[in-house]
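Given next are the chains, with one letter for each unit.
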Amino acid sequence: MMTPAVRSPEPGNFELIVGLSRVTPSAVELVDGGMVAELSGAGLLKMLDATFGGQGPVEVWGLDSGLGPRAMMVTEITMSGATTLITLEDTGMRGILN
């Protein structure tokens, strides 16, 4: 598991895009090389579909000062009670413009 960083992005300062849909995490923590997002409901289902069913790319916009989308890869899914944490690692590649 990655080591947590000291900052969390402000809500509205980034966009998490799964396939063609905007997903809003309940909470986000930036970690070295990526982020951990708490997801539930429809957003969680979209992320699971993308991860296991190949239903489109996962991208983050706005975390790197407007340099465009960053392609992300799901590296860990942790479910505990009503909380699901998704660890996303930056692939080092630019995202795909849909």
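The structure under discussion appears in the preceding block.
The rules we used
Residues numbered from 1 in each chain as written. Predicted model: local features only at pLDDT ≥ 70, side-chain atom pairs only at ≥ 80, totals over all residues. Heavy atoms only, no water. Helix = DSSP H or I, 4+ residues; strand = E, 2+ residues; numbered from the N terminus. Buried < 20%, exposed > 50% of the residue type's maximum accessible area, 1.4 Å probe, protein only. Contact = heavy atoms within 4.5 Å. Areas by Shrake-Rupley, 256 points an atom, 1.4 Å probe, with all protein chains shown as cover. Salt bridge = Lys/Arg side-chain N within 4 Å of Asp/Glu carboxyl O.

Peer 1: I tried to follow the overall build of the protein on my own but got confused; where do I start?
Peer 2: Within the protein, the secondary structure is distributed over one helix and seven strands. In the protein, which comprises 98 residues, the proportion classed as buried is 35%. For the protein, restricting intrachain contacts to residue pairs at least 6 apart in sequence, the fraction spanning at least 24 positions comes to 54%. Total accessible area on the protein is roughly 5,800 Å²; 55% of this is exposed by carbon and sulfur atoms.

Peer 1: Got a minute to help me understand the pattern of salt bridges in this structure?
Peer 2: Where charged atoms from two side chains of opposite charge approach closely, those side chains can pair. Under the criterion given, the structure shown has two salt bridges. We note a salt bridge from Arg22 to Glu15, for which the minimum N-O separation is 2.5 Å. When its relative accessible area of 27% is taken as the criterion, Glu15 is described as partly exposed. One salt bridge connects Arg70 with Asp90, and the closest N-O pair in it is separated by 3.3 Å. You can see Arg70 sitting in strand S6 (residues 70-80) and its partner Asp90 sitting in strand S7 (residues 83-94), a full 20 residues away along the chain.

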